[in-house]
Amino acid sequence: MSKKLSILSLLAVLLVTLISACGKNNGNEASPSASSAPASSAAESSPAAQESEVAKKDVTIKVYQFKVEIAEALNKMAKEYEAETGVKVEVETHGGGEDYSALLKATLAAGEEPEIFNSSGWAGFDPYVDRATDLSNEPWAKDLVEASKPQITRDGKLLGMPMNLEAYGFTYNKDLFAKAGITELPQTLDELEAAAKKLKDAGIIPFALTNEWWSMGIHTLNIALANQADPAAFIEEIKAGTKSFKDDPIMKEWVRLVDIMFANGQEKAITTDYNTQVAEFASGKYAMIQHGNWIQGMVDEVDPSLNLGMMPVPLLDKPNVFTGVPNNWIVNNKSAHPEEAKAFLNWMVTSETGKKYISTDFKFVPALNSITPNPDAVGKIAGDFAVFAPANPAQVKTWNWDRFPDGITQQWGAAMQEYLGKQIKSDQLLEKLDKAVADIVKK
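Residues numbered from 1 in each chain as written. Predicted model: local features only at pLDDT ≥ 70, side-chain atom pairs only at ≥ 80, totals over all residues. Heavy atoms only, no water.

Peer 1: Hey, could you run me through the packing of helix H12 (residues 338-350) against helix H13 (residues 352-361) in this one?
Peer 2: To characterise two packed helices, one gives the angle between the axes of the helices and the distance between these axes. Contact pair H12 / H13: the axes reach a minimum separation of 5 Å and the direction vectors enclose 70 degrees. Of the possible angle classes, the one that applies to H12 and H13 is roughly perpendicular. Between H12 and H13, the contacting residues are Trp347, Met348, Val349 and Thr350 on the first element and Glu352, Thr353, Gly354, Lys355 and Ile358 on the second. Here the residues of the contact of H12 with H13 are counted per class, giving four nonpolar, three polar and two charged. (Axes fitted to C-alpha atoms, helices over the stretch in contact; angles between N-to-C directions. Helix = DSSP H or I, 4+ residues; strand = E, 2+ residues; numbered from the N terminus. Parallel < 35°, antiparallel > 145°, perpendicular 65-115°, else oblique. Contact = heavy atoms within 4.5 Å. Nonpolar A, V, L, I, M, F, W, Y, C, P; charged D, E, K, R; others polar.)

Peer 1: Help me understand the side chain of Asn118, please; the structure alone is not making it clear to me.
Peer 2: Tracing the chain through its elements places Asn118 in strand E3 (residues 116-119). A polar side-chain atom of Asn118 sits 2.9 Å from the main-chain amide nitrogen of Phe66. Beyond its immediate sequence surroundings of up to four residues, Asn118 is in contact with Tyr64, Gln65, Phe66, Lys67, Tyr100, Leu104, Met163, Asn327, Asn328 and Trp329. (Polar contact = N/O pair within 3.5 Å; in protein donor to acceptor, adjacent residues only side chain to side chain.)

Peer 1: Help me understand the sheet that holds strand E13 (residues 328-331) in this model?
Peer 2: Hydrogen bonds between backbone groups are what pair the strands of a sheet, and the pairing can be parallel or antiparallel. With respect to topology, five strands assemble into an open sheet ordered E2-E1-E3-E13-E6, the strand pairing being mixed. With partners counted over all chains shown, the strands left at the sheet margins are strand E2 (88-93) and strand E6 (161-162), one partner each. Note: strand E1 (residues 60-65) against E2, six bridges, orientation parallel. Looking at E2, one finds that Val63 is bridged to Val91. The strands that H12 touches are E1, E2, E3, E6 and E13; relative to E13, the one it contacts most, it runs at about 150 degrees. (Pairing = 2+ DSSP bridges.)

Peer 1: Honestly, the pairing of strand E12 (residues 321-324) in this entry has me stumped. Any pointers?
Peer 2: On a regular strand, one side chain projects to one face of the sheet and the next to the other, so that they alternate. Of the two faces of E12, the one carrying Val321 and Thr323 and the one carrying Phe322 and Gly324 are both buried. Taken together, the three bridges between strand E7 (residues 166-168) and E12 define a ladder with antiparallel strand orientation. Following the sheet pairing, Tyr168 is matched in E12 by Phe322. Sheet topology note: the E12/strand E14 (residues 396-398) ladder contains three bridges and is parallel. Note that in E14 the partner of Val321 across the bridge is Val396. (Buried < 20%, exposed > 50% of the residue type's maximum accessible area, 1.4 Å probe, protein only.)

Peer 1: Could you clarify how one ought to interpret the packing of aromatic side chains in this entry?
Peer 2: The geometry of an aromatic ring pair is captured by two quantities: the separation of the ring centres and the angle between the planes. Applying the stated criterion to the full structure yields 19 aromatic pairs. When the centroid spacing of 4.9 Å and the interplanar angle of 70 degrees are considered together, the rings of Tyr81 and Phe344 count as edge-to-face. In this pair, Tyr81 is assigned in helix H3 (residues 71-85) and Phe344 in helix H12, connecting sequence segments 263 residues apart. When sorted by exposure, Tyr81 lands in the same class as Phe344, which is buried. Measuring from ring centre to ring centre gives 6.2 Å for Tyr168 and Trp399, while their planes differ by 50 degrees; the resulting arrangement is tilted. Of the two residues, Tyr168 is situated in strand E7 and Trp399 in the loop between E14 and helix H15 (408-420); the sequence distance between them amounts to 231 residues. The class for Trp399 is buried, based on a relative accessible area of 10%. Among the aromatic residues, those joined into a ring-pair cluster are Tyr168, Trp294, Phe322, Trp399 and Trp401. (Phe/Tyr/Trp six-rings, centres within 6.5 Å; stacked < 30°, edge-to-face > 60°.)

Peer 1: What exactly am I supposed to notice about the nonpolar core here?
Peer 2: Across soluble globular proteins, you tend to see nonpolar side chains buried next to one another. Counting residues in each nonpolar core, the largest one holds 80 residues, and the members touching the most others are Phe245, Trp254, Leu257, Met288 and Leu433. Tyr100, Val145, Leu159 and Phe364 belong to the second-largest nonpolar core, a separate cluster that totals 53 residues. (Core = buried A, V, L, I, M, F, W, Y, C linked by side-chain atoms within 4.5 Å.)

Right under this line is the structure:
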C-alpha cells in the first residue's frame, strides 16, 4: 500500500465518520454489521455450556497498557465485562512519565505474562512478534481501517488490534489567540515567532512545555521526519549511516522550530511532567500545546467549555498535522488464557457496551469502520482536524518514529531534555540524535 493511500484511508475514518456522525444521536447507534450478543449469551444453551461458563469465573485476564488517559474508563469497562461473563479483567496502566516499553520488557523478562499488552507497530513491535497471537480471523478484523493494518502485520498475519486513530499538531486556545489579536494561524516559522510575541505582549505564555522524553523524542522529532519527501526512505538511510541528521537541511529548520517553542514556554518547563502540562494548559494558562486529540478527556475534566482547536505546525513551505495509530492490543500466546483474551477484545469492539466505551468514554476515533465515533465525546480538537484535513490532504503527514528500533527514541528524548535544560547547543543536539541511531543499530 502506498503512503498516499495509507493517509487517505486514515482520513476516511477520521473525517467521513466524524462528519457523518454529527447527525446521529451522538454517534452511539449500533452498527448492524458489528452487533453481536455478549460473550455469555450462549451459556444457557446446554448444561455443558453452563459448566464451562461457571469455570470461567475462575479466569483472570491481565491487561498491561500504557494509555493513562483511558485508565479509569478501562477499569470500569473491565467490571462490566466481568458482570456479563464472569471473567475477571485486571488492568495495569503504565504511561505518562514512565518508559512503558522498558517496563513491559522487564515484566516479561521477570516471567510475568499478561494476556494482553500494548505495543506500537513497525520496528517497535519487533521484540514482541514471538508472543503475538494471529488475529487475522477474528470477527472484527474485516472492519479495520485499511491503513491501520500494515504497521502490525507480519507475513500476511494481523498480529494485533489497532487501538484507535489519533492526530496531533499544536492544540491551541482560540480565545487566547483572539485576546492577543491573532486573526490568522501562522503559516511559517516567522509568523509563528510573531504570534508568540503577540501572545507575550498580551500577557499570555505561548507554549505549555513538558520535560517528558516521549513527547519531545517522539512527537516533536516526528515533525522533522514526516516533512521529508519520503520519510520511510530517509529513515532507512539514517539507519544505514548514508545520511545524518546534522547535515539535513530539514532538521536544521526543525531546530529553529524547537528554539521558538522552548524560548516561549513556561519558566519551569524542565520540571513539568505530562499531567501537569495538560492540566495547566486546560486551566487557560497557555495558548498552545504540542499534543493532539488524546488530551481531550483530560482537558474536559478541568474545563469542558475550553475553546480549543488543532493548529497545523509550521516548518517548511506549508504547516502540517500528523496522524496515525498510537498503539495496538496484543494477545500474548505465552500467557495462561489467550483464548479468553481474544474473547475480551472481540467483546470490546462488537458489543454495544464495549463500543460505547470506545466511542464515548475513551473518546476515541475508532480504528474500525464498524464503530461510529461520537463527535460530542471526541471533542473540539479532533473536530477541528476533521475540518482542516479534507481541505488540505497534502498537509496531513504520517507517524514515523516506530520505524526505528526500540531504544532510539528514548535516547532522543534524553538529548531533547538536555537541550531544553540548555546543557547542550543545537549542533550537539543533532550529533546526539545521530549517535543514538548509530549506537542502537550497531547492536
